[in-house]
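Listed here are the chains, written in short residue letters.
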Amino acid sequence: MNIIETIKKRKSSRTFNQVALKPADKRDLESFIFDNSKGLENEVINFRIIEKNNTDKQMKLDLGMIKGHNNYILGTSKSTIVSRVNYGYLLEKVVLKATEMNMSTCWVGYFDYTYFNEVAIEDGFDIPSIVIVGYSEERQTFQDKYIRFTINASKRHSWEKLFFNYKLKTPLTPEYVKKYSDSLEMVRLAPSSGNTQPWRVFFDETLNEFHFYKKSISKRYELRGLHDIDMGIAMSHFELTSLQNELSGIWIKHTKENFNLIDDLQYIMTWKCE
Ligand SMILES: Cc1cc2nc3c(=O)[nH]c(=O)nc-3n(C[C@H](O)[C@H](O)[C@H](O)COP(=O)(O)O)c2cc1C
């Protein structure tokens, strides 16, 4: 499937059919995870699919607002910004693969990590978020619709709030970035914790680079590292869309101090167009 269609199709599901993964789906997803375990700055994260039995005690998520979940994808990242960004970047690729395979997903940042005692967490590492994976009815339940409504889940900020010219600091338009308009539009449609959309992208026309910055929207999410995950998710959308549109590039990190000097934004990484 075309990545743009997949990104547009994906949305968080909060009502899962409480069934095991089909063996073929599990195998294909595991093989995708294995082939896509190396991420930003060559850091490897080994994600696992963890299946709980219906007889196991269910973990309460969002006070029981997420129902029927028993299959999870998770791994550990270092307790650093760059590693959490990488976690989001790699795991969103798995989410999109699952979406392409007609499976449902939901990123979850608030969960009980002790529920996953099969995962060893080394010192200096965390499980920064998990993804629930499974199957849902095509028709959304009333509860799903209600939660989406309360957190405005289908809404996204407009371009002028998210994307800027690096030199002039003026908003970018799709006409201005031309062939990169799909890449930025797919950033805009990315999921984020509480739909906070903390990504801000600045285009440097001279160097042909897109700089990704994080705007801390929620103190609570920032403290939990969720905005870092959000950044990685957006970066994966940008990369996958660009590559599909035959726009190659690489992720680099500028070390110059002046990169941190845009108001209240924190510099994360840069896509260097090739
Ligand atoms: C890192 C991260 C953590 C999230 N944590 C939760 C969560 O704990 N509970 C929940 O119901 N949704 C959670 N979500 C889902 C978001 O609320 C959802 O992505 C957002 O509202 C946009 O809706 P959409 O995914 O349907 O496009 C999380 C999303 C991300 C990216």
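Just so it is clear, the model here is predicted, and its values are computed rather than measured.

Conventions we followed
- Per-chain numbering applies: the sequence of each chain, read as written, is numbered from 1 onward.
- Residues qualify for local features only when their pLDDT is at least 70, as the model is predicted, and side-chain atom pairs are given and counted only at 80 or more; totals for whole chains, interfaces and linings, by contrast, use all residues.
- Calculated side-chain values reflect all of the structure's heavy atoms, with hydrogen atoms and water omitted.
- Only DSSP runs of H or I with at least four residues qualify as helices, and only runs of E with at least two residues qualify as strands; both kinds are numbered from the N terminus onward.
- Expected span of a helix: the number of residues minus one, times 1.5 Å.
- For this purpose, a residue is taken to be near a molecule or strand whenever a single non-hydrogen atom of the residue falls within 4 Å of it.
- As used in this structure description, the phrase polar contact means that two N or O atoms lie within 3.5 Å; if the pair is within protein, one of them must be able to donate a hydrogen and the other to accept it, and residues adjacent in sequence are counted only when both atoms belong to side chains.
- Per-residue and other accessible areas were derived by the Shrake-Rupley procedure at a 1.4 Å probe size, with only the shown protein chains allowed to occlude residues.
- For cavity detection a 1 Å grid was placed over the protein atoms alone, and a set of points counts as a cavity when a 1.4 Å probe fits there but cannot get out; an open set counts as a pocket when protein lies on both sides within 12 Å along at least five of seven lines, with lining residues being those that have an atom within 4 Å of a point.
- By definition, a pocket or cavity contains a molecule when more than half of the molecule's atoms lie within 2 Å of the pocket's grid points.
- Each residue is assigned to one of three groups, with Ala, Val, Leu, Ile, Met, Phe, Trp, Tyr, Cys and Pro labelled nonpolar, Asp, Glu, Lys and Arg labelled charged, and all others, Gly among them, labelled polar.
- Boundary definitions for the domains trace back to an automatic or database domain assignment.
- Grid points are joined across faces, edges and corners, and a volume is the space filled by probe spheres set on the points.
- What makes two residues a contact is simply this: any of their non-hydrogen atoms within 4.5 Å.
- The quantity reported as buried area is the accessible area (1.4 Å probe) lost by two parts once they are put together, taken as the sum for both.
- One side-chain nitrogen of Lys or Arg within 4 Å of one carboxyl oxygen of Asp or Glu is enough to make a salt bridge.

Student: What's the story with helix α3 (residues 81–100) in this structure? I'm lost.
Tutor: In an α-helix, one full turn covers 3.6 residues, which means residues spaced three or four apart are oriented alike. Between its first and last C-alpha, α3 extends 29 Å over 20 residues, near the 28 Å set by a 1.5 Å rise per residue. Positive phi appears at Asn102, one or two residues downstream of α3, with a value of about 65°.

Student: Where do I start with the site of the ligand in this structure?
Tutor: In the vicinity of the ligand there are 24 residues, among which Arg10, Ser12, Arg14, Asp62 and Arg148 approach most closely. Contact between the ligand and Ala153: an oxygen atom at 3.4 Å from a main-chain N or O atom of the residue. A distance of 2.8 Å separates an oxygen atom of the ligand from a polar side-chain atom of Arg156. Its free accessible area being 630 Å², the ligand has 95% of it covered by the protein chains. If you map the ligand onto the pockets, it falls in the largest pocket. Every element with two or more residues in the shell around the ligand is listed here: β4 (104–108) and α9 (226–244). Broken down by class, the residue content of the shell around the ligand amounts to 10 nonpolar, seven polar and seven charged. Each of domain 1 (3–145) and domain 2 (159–273) contributes no fewer than three residues to the shell around the ligand.

Student: Would you mind going over the layout of surface pockets with me for this structure?
Tutor: Once rolled over the atoms, a probe with the size of a water molecule shows which space is left empty. The volume enclosed by the largest pocket comes to roughly 880 Å³. The wall of the largest pocket is formed by 36 residues, among which Arg14, Ile151, Ser192, Gly194 and Asn195 lie closest to the centre. Each residue belonging to the lining of the largest pocket can be placed in one class, and the counts come to 17 nonpolar, nine polar and 10 charged. A domain split of the lining of the largest pocket shows at least three residues from each of domain 1 (3–145) and domain 2 (159–273). Its boundaries defined by the atoms lining it, the second largest pocket holds a volume of some 510 Å³. Its residues assigned to classes, the lining of the second largest pocket shows three nonpolar, 11 polar and seven charged.

Student: Can you help me understand the environment of Val44 in this one?
Tutor: Assignment of secondary structure puts Val44 in the loop between α2 (23–35) and β1 (48–51). With 22 residues separating them along the chain, Val44 and Lys22 place their C-alpha atoms 27 Å apart. What Val44 contacts, discounting residues up to four positions off in sequence, is Ser37 and Lys38.

Student: Help me out: how do you make sense of the domain arrangement of the chain in this one?
Tutor: One frequent convention defines the size of an interface as the accessible area lost when the parts assemble. Taken domain by domain, the chain consists of domain 1 (3–145) and domain 2 (159–273). A C-alpha centroid distance of 23 Å is found between domain 1 and domain 2. In this complex, domain 1 contributes 22 residues to the contact, which on the side of domain 2 involves 28 residues. Of the roughly 2300 Å² buried between domain 1 and domain 2, counting both surfaces, carbon and sulfur atoms make up 69%. A per-residue breakdown of the area domain 1 buries against domain 2 is headed by Ile3, Ile7 and Tyr110, which together make up 26% of the total. Our enumeration of links across domain 1 and domain 2 arrives at two salt bridges. Here Asp228 and Arg84 are joined by a salt bridge, their closest N and O atoms 2.9 Å apart. Every element with two or more residues in the side of domain 1 that touches domain 2 is listed here: α1 (3–9) and α3. The greatest single-element share of the side of domain 1 that touches domain 2, amounting to nine residues, is contributed by α3. Of the residues that constitute the side of domain 1 that touches domain 2, the class distribution is 13 nonpolar, three polar and six charged.

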